[in-house]
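# Examining the three-dimensional arrangement
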Amino acid sequence: MTVKLILRGQEYEVKSGMTLRHSLLKVDLQPEAVLATRQGEMITEDEILRDGELIQLVAVISGG
């Protein structure tokens with residue numbers, strides 16, 4: 001019962017049933033620093049992650 005989060009080729013496994021926000025914090029990633037997609041569609045921090053899902057993360061980069 002796990003979900004895979006992938007950021008820059010690094011894989012993280014978290015328990016299903018958590019929100020995206022909680023799962024990101026669990027693996028020491030800042031929710032504000034990434035965008036998440038499920039099957040090519042962006043998802044929000046309050047989405048509940050389901051068993052077997054693959055969530056692609058993209059780092060948010062800002063500059064001045």
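Up top is the structure.
Residues numbered from 1 in each chain as written. Predicted model: local features only at pLDDT ≥ 70, side-chain atom pairs only at ≥ 80, totals over all residues. Heavy atoms only, no water.

## Observations regarding the pattern of salt bridges
Taken as a whole, this structure holds six salt bridges when the rule is applied. The partner of Glu 53 in a salt bridge is Arg 38, with the nearest N and O atoms 2.7 Å apart. With Glu 53 in the loop between β4 (41-43) and β5 (54-59) and Arg 38 in strand β3 (residues 34-38), this residue pair connects regions lying 15 residues apart in the sequence. An identical accessibility class is assigned to Glu 53 and Arg 38; each is buried. The closest approach of N and O atoms between Arg 50 and Glu 53, which form a salt bridge, is 3.2 Å. Note on Glu 53: relative accessible area 11%, which makes it buried. A single salt-bridge network, built from bridges that share partners, covers Arg 38, Glu 47, Arg 50 and Glu 53. (Salt bridge = Lys/Arg side-chain N within 4 Å of Asp/Glu carboxyl O. Helix = DSSP H or I, 4+ residues; strand = E, 2+ residues; numbered from the N terminus. Buried < 20%, exposed > 50% of the residue type's maximum accessible area, 1.4 Å probe, protein only.)

## Some words on the sheet that holds β5
With mixed pairing, the five strands of this open sheet are ordered in space as β2-β1-β5-β3-β4. A strand with exactly one partner marks an edge of an open sheet, and here the two such strands are β2 (10-15) and β4. Neighbour-to-neighbour, the strand axes of the sheet open up by a mean angle of 35°, direction not taken into account. Relative to β5, strand β1 (residues 2-7) runs parallel, the two being bridged by four bridges. Note on β5: the bridge partner recorded for Lys 4 is Leu 54. (Pairing = 2+ DSSP bridges. Axes fitted to C-alpha atoms, helices over the stretch in contact; angles between N-to-C directions.)

## Thoughts on the pairing of β5
Side chains on a regular strand alternate between the two faces of the sheet. Two elements, β3 and β5, share five bridges in a ladder whose sense is antiparallel. In the sheet register, Val 34 faces β5, and the bridge partner there is Ala 59.

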